[in-house]
Amino acid sequence: MNVARIALVTGANQGLGRALAEGLATRMDPADLVLLTGRNPQRVADAAAEIAAAPGTRSRVEARVLDVADAEAIAALAAELRETHGGVDIVLSNATTRLLPDQSQSAMADEYIDVANTATHSILRAFGPILRPGGRLLVVASSLGTLGHLPERLHPLFDHATLDQVEYAVESWRSAIHAGTAEEAGWPRWLNIPSKVAQVAAVRAVAAERRDHDLATGTLIASVCPGMVDTATSRPWFSDYSHAQTPAEAAGAVLDLALTPGVDPARYGELIRFGNVVPWYSGEPLAEQDQLLTP
């Protein structure tokens, strides 16, 4: 008899997160459990109820309130899943904070970094150890998360770094923003660039430590880029949406990666976009975008 699988999706009450939860619920088995998480109890409960009642849903669906900026809450949920289910099979880390071009980047720094980066570190630390053999831990990032999008002098902070070193670099960046010295130190004004690079670097750090064991057990840790998605979070940043995907369309490739057995060693620990590796050293600084933003 197959052991029921446990899947967890953060930021799952709307947009891409909800599409990922819906996709898991339609593609997993009736004995499996999909946990939707988010900060707002009513929104998460409503989303879970709607997905559970949808005609195509096959698995069980439950709502969990989780503030991903709360490291203790993440650790507590991981401990609960280890105690009650023996671990977890799929973790899709997707929570994000909406950021608008006309908002002050420095004023939004703490909230943005807490949700995107501090949460990523906490999820990797809490759920990595309880990931079952053959499991998947995927962090939704961006193709902007490659090292080349940072000035070269910042590369040593993230290249071949440990998770502790990535965390230290992120907190140093945060401190520089508050001190008003971030741009002088070379940090892009646009929060999304250092944040995404740090997310990918954090995944690479954990994957480097686990690589041999995970490849032997068919377990995958990676970051993923879903491509351009038409959501309220991304729409203000682009003028041409002719090639944008719906959240359901964008979820497809991520779900394929999460649900297809086996691991390609070439993709392990890497940033994956539509099934292909986005090279870590690719990209170049986006000075033009940076100049358009409010400090």
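Data block above holds the structure.
All figures in this text were calculated on a predicted structure; none of them were measured in a lab.

Colleague: In this structure, what is going on with the sheet that holds strand S5 (residues 131-140)? I would like to understand it.
Modeller: Strand pairing in a sheet relies on backbone hydrogen bonds, with the paired strands running either antiparallel or parallel. Strand order in this open sheet of eight strands is S3-S2-S1-S4-S5-S6-S7-S8, and the pairing throughout is mixed. Of all the strands in the sheet, just strand S3 (60-65) and strand S8 (276-278) have a single pairing partner and so form its edges. The average undirected angle you get between the axes of adjacent strands in this sheet is 25°. Across the sheet, helix H3 (residues 71-85) is in contact with strand S1 (6-9), strand S2 (33-38), S3 and S5; its angle to S1 comes to roughly 165°. Sitting on the sheet, helix H6 (residues 192-217) touches S5, strand S6 (220-225) and strand S7 (271-273), and the angle it makes with S6 is about 150°.

Colleague: It is not clear to me how the packing of aromatic side chains should be interpreted in this structure. Could you clarify?
Modeller: Aromatic rings considered in pairs are described by the distance between their centres and by the relative angle of their planes. Inspection of every chain in the model, using the stated rule, returns two aromatic pairs. Through successive ring pairs, a cluster of aromatic residues spans Phe-158, Trp-173 and Trp-187.

Colleague: I tried to follow helix H7 (residues 247-259) on my own but got confused; where do I start?
Modeller: Side chains of residues three or four places apart in an α-helix project in the same direction, reflecting 3.6 residues per turn. Between its terminal C-alpha atoms H7 stretches 18 Å, which fits the 18 Å expected from 13 residues at 1.5 Å a residue. Along its length, H7 shows its largest kink, about 30°, at Ala-253. Among all positions in H7, only Ala-250, Ala-251, Val-254, Leu-255, Leu-257, Ala-258 and Leu-259 are buried. Along its buried surface, H7 packs onto helix H1 (15-27), strand S4 (88-93), S5, S6 and S7.

Colleague: Sorry if this is basic, but what is going on with the pairing of S1 here?
Modeller: Taking every second residue as pointing to the same face, both faces of S1 are buried, with Ile-6 and Leu-8 on one and Ala-7 and Val-9 on the other. The sheet contact formed by S1 and S2 spans four bridges and is parallel. Looking at the pairing, Ala-7 lines up with Val-34 of S2. Once the chain exits S1 it traverses H1 before rejoining the sheet at S2, and the crossover so formed is right-handed. For S1 and S4, the ladder comprises three bridges, and the chain directions are parallel. Opposite Val-9, over in S4, you have Leu-92 as the bridge partner.

Colleague: Would you mind showing me how to read the side chain of Thr-120 here?
Modeller: With respect to the element layout, Thr-120 can be found in helix H4 (residues 105-127). By relative accessible area, Thr-120 is classed as buried at 2%. Not counting the four nearest positions on each side in its chain, Thr-120 is found in contact with Val-139, Gln-199 and Ala-202.

Colleague: What's the story with H6 in this structure? I'm lost.
Modeller: Of all the bends in H6, the greatest, near 70°, is centred on Arg-210. A positive backbone phi angle near 70° is found at Gly-218, which sits one or two residues after H6.

Colleague: How should unusual backbone geometry be read in this particular structure?
Modeller: Of all residues except glycine, most have a negative phi; of all peptide bonds, most are trans. A positive phi is found at His-160, a non-glycine position, where the angle reads about 60°. Relative to the helices and strands, His-160 resides in the loop between S5 and helix H5 (163-179). Note on His-160: relative accessible area 69%, which makes it exposed. Of note, the phi angle at Phe-274 is positive, near 55°, even though the residue is not glycine. Secondary-structure assignment places Phe-274 in the loop between S7 and S8. By relative accessible area, Phe-274 is classed as partly exposed at 40%.

The rules behind each value
Residues numbered from 1 in each chain as written. Predicted model: local features only at pLDDT ≥ 70, side-chain atom pairs only at ≥ 80, totals over all residues. Heavy atoms only, no water. Pairing = 2+ DSSP bridges. Helix = DSSP H or I, 4+ residues; strand = E, 2+ residues; numbered from the N terminus. Axes fitted to C-alpha atoms, helices over the stretch in contact; angles between N-to-C directions. Contact = heavy atoms within 4.5 Å. Phe/Tyr/Trp six-rings, centres within 6.5 Å; stacked < 30°, edge-to-face > 60°. Expected span 1.5 Å × (residues − 1). Bend = angle between axes of the 7 residues up to and from the residue. Buried < 20%, exposed > 50% of the residue type's maximum accessible area, 1.4 Å probe, protein only. Right-handed = clockwise from strand over helix to strand, strands pointing away.

Spatial relationships are all this shows, so hold off on functional conclusions.
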